[in-house]
Amino acid sequence: MSHSPGAADSPLGKSTVYADQYDAGLLFPIARAPQRASMGIQGQPMFFGADLWTAYELSWLNPRGKPLVAIAHIMVPAESTHIIESKSFKLYLGSFSGTRFADADEVRQRIRQDLSAGIWQGGPVRASVGVRLVAPEEFDQEPLQELDGLNLDRLDIECDRFEPAPDLLSSAQDEQPVEETLTSRLLKSNCPVTGQPDWGSVQIRYIGPQIDQAGLLKYIISFRGHDEFHEHCVERMFTDIWARCRPAKLSVYARYTRRGGLDINPWRTSHPGPMPLSVRTARQ
């Protein structure tokens, strides 16, 4: 009996042969729709945004066989029908290492074309992947800063729930709306396939009834035992805060620590605005 490819079919958590010759077939797309449906999202989500990836282990050969290196910043639009499973993406990038390319722009264009095809899975490409390569002479210009906002971790709270608990969220619906940016370094979830921990920081910007900060921090911590990909965790946070706290505007941005030279940083927002800067936090 056939079935749609899912995380269990991916190379994640399995013994792997590492290719060093370019192979776009290594990319493994996973549909966004099933996980969104489990959150009650049907059709067009109430948010848009992007998944912002940083690849630190990218290398290829120039026409004379000399290795070159770069850091890649990659933007995957949240409206795409699929995500790319992270280990498959690492294997794909690894396949560049023994392949000759004319120049860095050819590498960038190849990554952009392959990922754009993968995230739409044969359908029309309504928004392409963005790819920017950072050359070694620019490495020291890569920004390093903490997420802006009021740090929720200062609160002395008692925590006893470690699966997502949206009932912990509340806001002052009978008071004047506020504009706040809140952050926490205490986000942790687990890979749904391998069970490995995923550590991150989260930033929540909103305009609306003031959100109870202690309840929000407890809610963020409640992901600690949860098994879900980064993208889905952030969408779950956005959906729960939107439904429970009823802000007029909301954005949720998480920066996860890198694993295997790759980090995935989803951003979801209810309204148009500039994307977050591609910065590294101290924990990355």
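These remarks concern the structure in this document.

Looking at the packing of helix 2 (residues 86–94) against helix 3 (residues 104–120)
Stage number 1. Contact geometry for helix 2 and helix 3: axes closest at 12 Å, N-to-C directions at 150°. As for the relative orientation of helix 2 and helix 3, their crossing is right-handed in sense. From helix 2, F89, Y92 and L93 reach across to helix 3, where they touch R110, I111, D114 and L115.

Regarding helix 3
Stage number 1. The end-to-end C-alpha distance of helix 3, which contains 17 residues, comes to 25 Å, matching closely the 24 Å that a straight helix rising 1.5 Å per residue would cover.
Stage number 2. Taken as a whole, helix 3 has its buried residues at V107, I111, D114, L115, S116, G118, I119 and W120.
Stage number 3. Summarising the contacts, the buried residues of helix 3 are in contact with strand 1 (29–31), strand 2 (48–61), strand 3 (67–77), strand 4 (82–84), helix 2 and strand 5 (130–134).
Stage number 4. The N-cap of helix 3, judged by a side-chain oxygen 3.2 Å from the amide nitrogen of D105 a few residues on, is D103.
Stage number 5. Looking one or two residues past helix 3, Q121 carries a phi angle of roughly 45°, positive in sign.

A closer look at the nonpolar core
Stage number 1. With 29 residues, the main nonpolar core has L187, I204, L216, I220, M237, I241 and V252 as its most contacted residues.
Stage number 2. Elements with a contribution of two residues or more to this core: strand 7 (178–190), strand 8 (197–208), helix 4 (213–221), helix 5 (230–245) and strand 9 (249–256).
Stage number 3. Here this core takes six residues from helix 5, the largest share from any one element.
Stage number 4. Residues within four places of M237 in sequence aside, it is in contact with L187, V202, Y219, I220, F223 and V252.
Stage number 5. Core analysis: the second largest hydrophobic core is formed by 26 residues, W53, V76, F96 and A127 among them.

Some details on the side chain of E142
Stage number 1. Examined against the element boundaries, E142 turns out to sit in the loop between strand 5 and strand 6 (150–151).
Stage number 2. For E142, which is buried and forms no salt bridge, the nearest opposite charge comes from R132, at a distance of 4.5 Å.
Stage number 3. Within the local environment of E142, its side chain forms a polar contact with the side chain of H73, the two groups lying 2.7 Å apart.

Points about the sheet that holds strand 5
Stage number 1. Across the sheet, which stays open at both edges, the eight strands sit in the order 5-3-2-10-9-8-7-6 with mixed pairing between neighbours. One side of each edge strand has no neighbouring strand; the edge strands of this open sheet are strand 5 and strand 6.
Stage number 2. Across eight bridges, strand 8 lies against strand 9 in antiparallel orientation. By the bridge assignment, R205 is partnered in strand 9 with S251.
Stage number 3. Contacts from helix 3 reach strand 2, strand 3 and strand 5 within the one sheet, and its direction differs from that of strand 5 by about 150°.

Thoughts on the pattern of salt bridges
Stage number 1. In total, this model carries 11 salt bridges according to the counting rule given.
Stage number 2. Between E228 and R236 there is a salt bridge, with the nearest N and O atoms lying 2.8 Å from each other.
Stage number 3. R236 sits in the buried class, given a relative accessible area of 16%.
Stage number 4. A salt bridge links E235 to R268, with the shortest nitrogen-to-oxygen separation between them at 2.9 Å. Separated by 33 residues along the polypeptide, E235 in helix 5 and R268 in strand 10 (residues 262–269) bring together distant segments of the chain.

So, the packing of aromatic side chains
Stage number 1. Per the counting criterion, the structure on display carries 10 aromatic pairs.
Stage number 2. Here F47 and F238 contribute two aromatic rings whose centre-to-centre distance is 5.4 Å and whose plane-to-plane angle is 70°, an arrangement assigned as edge-to-face. With F47 in the loop between helix 1 (33–38) and strand 2 and F238 in helix 5, this residue pair connects regions lying 191 residues apart in the sequence.
Stage number 3. Overall, the relative accessible area of 3% leaves F47 in the buried class.
Stage number 4. Each ring, one from F89 and one from Y92, has its centre 6.1 Å from the other, and the planes form 20°; the classification is stacked. Of the two residues, F89 and Y92 are both situated in helix 2; the distance of three residues between them amounts to about one turn of the helix.

What counts, and where the lines are drawn
- Residues numbered from 1 in each chain as written.
- Predicted model: local features only at pLDDT ≥ 70, side-chain atom pairs only at ≥ 80, totals over all residues.
- Heavy atoms only, no water.
- Axes fitted to C-alpha atoms, helices over the stretch in contact; angles between N-to-C directions.
- Helix = DSSP H or I, 4+ residues; strand = E, 2+ residues; numbered from the N terminus.
- Left-handed = near helix turned anticlockwise from the far one by under 90°.
- Contact = heavy atoms within 4.5 Å.
- Expected span 1.5 Å × (residues − 1).
- Buried < 20%, exposed > 50% of the residue type's maximum accessible area, 1.4 Å probe, protein only.
- Polar contact = N/O pair within 3.5 Å; in protein donor to acceptor, adjacent residues only side chain to side chain.
- Core = buried A, V, L, I, M, F, W, Y, C linked by side-chain atoms within 4.5 Å.
- Lys, Arg positive; Asp, Glu negative; His and termini not counted.
- Salt bridge = Lys/Arg side-chain N within 4 Å of Asp/Glu carboxyl O.
- Pairing = 2+ DSSP bridges.
- Phe/Tyr/Trp six-rings, centres within 6.5 Å; stacked < 30°, edge-to-face > 60°.

These results come straight from atomic positions and should not be treated as a statement about function.
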